[in-house]
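# Analysis of the macromolecular model
As a plain string of letters, each chain reads:
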Amino acid sequence: MAAAAGAFSLREVLGAFQAAVTERREVLLGPYLRGWRGLVRFLNSLGAIFSFISKDAVAKIQIMESYCGGERQEEYRTLQSMVAYELASGLVDLQRRSEHPDSGCRTVLRLHRALRWLQLFLEGLRTAQEDSKTSTICTDSYNASLATYHPWVVRKAATVAFCALPSRNAFLEIMNVGTPEEAVVMLGDALPHISSVYGITEELYAQHKLLNLP
Ligand code: 1PZ
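Below, the structure is looked at part by part.

The rules behind the values
Residues numbered from 1 in each chain as written. Predicted model: local features only at pLDDT ≥ 70, side-chain atom pairs only at ≥ 80, totals over all residues. Heavy atoms only, no water. Helix = DSSP H or I, 4+ residues; strand = E, 2+ residues; numbered from the N terminus. Expected span 1.5 Å × (residues − 1). Buried < 20%, exposed > 50% of the residue type's maximum accessible area, 1.4 Å probe, protein only. Contact = heavy atoms within 4.5 Å. Phe/Tyr/Trp six-rings, centres within 6.5 Å; stacked < 30°, edge-to-face > 60°. Lys NZ or Arg CZ within 6 Å of the ring centre and 35° of its normal.

## A short note on helix α2 (residues 29-45)
Spanning 17 residues, α2 covers 24 Å between terminal C-alpha atoms, matching the ideal 24 Å at 1.5 Å per step. Looking at α2, one finds that the buried residues are L29, P31, Y32, L33, G35, W36, G38, L39, V40, F42 and L43. Packing partners of the buried residues in α2 comprise α1 (10-19), α3 (51-68), α4 (79-88), α5 (104-127), α8 (168-174) and α9 (180-207). Directly after α2, the chain includes G47, whose backbone phi takes a positive value near 130 degrees.

Shown next, in the form of structure tokens:
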């Protein structure tokens, strides 16, 4: 069954990441943040137990949206222009958070690390056996990515929340893409675009030595 008209489908959300990459391999912040907004909406639909996660994601999306709609919005059109502008203007705290605690560079870095989790998680979901547990796939992806950057208490809370995730088939269905089989096909189409955004960002941040921003 196809997603009902007007219903929220993860297909469009993941499509935003496709729209974020230009021919010149730039990452457009508008579509990137739209993708994140959609992911948060999806996360909220999974239940209140995830709200501590979505609150943090929303706070970061809002920081970025205010730059993108602010006085220097031209500089925040792409990730590349943002990095160039913030670095050239001394707007990034490189050693510890002090004068510029919420630079675009450090804020996107947090989302970027979470995108790695998303990539691993969706790939895990796509390729897992039908009877696999979503919570296990989620925990494994988290431990292989984001967990490294989180203190014990956050890791603990996250792992507890993951237990509330529905079974793999139910999860594929709430994506609202159609049958679980159709959702798997959609993930196969969408994941290369997420990988591409992730790879371009990782390369850009590595080039400018920004991968460990406080
Ligand atoms: C489907 C299940 C969803 C699982 C989501 C997996 C991610 C778990 C992340 C838990 C962290 C939440 C608490 C906030 C932590 C913040 O300290 C860190 C670092 O930011 P800083 O403190 O340096 O400002 N924030 C993050 O790591 C960003 C986390 C964003 C998570 C977005 C998840 C999107 C989920 C999409 C669902 C399809």
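## Observations concerning the packing of aromatic side chains
Applying the stated rule across the entire model yields 8 aromatic pairs. With centroids separated by 5.7 Å and ring planes inclined at 85 degrees, the aromatic side chains of F42 and F171 adopt a geometry described as edge-to-face. Taken together, the residues span a long stretch of sequence, with F42 in helix α2 and F171 in helix α8 at a distance of 129 residues. In this pair, the class of F42 matches that of F171, namely buried. Residues Y142 and F162 carry aromatic rings whose centres are separated by 5.4 Å and whose planes lie at 80 degrees to one another, so their mutual orientation is edge-to-face. Here Y142 is found in helix α6 (residues 134-143), whereas its partner F162 is found in helix α7 (residues 152-162), with 20 residues between them in sequence. Grouping residues by exposure puts Y142 and F162 together as buried. A connected cluster of aromatic rings, assembled from ring pairs, spans F42, W117, F121 and F171. Seen from the ring of Y149, R113 lies directly overhead, with NZ or CZ sitting 3.8 Å from the centre.

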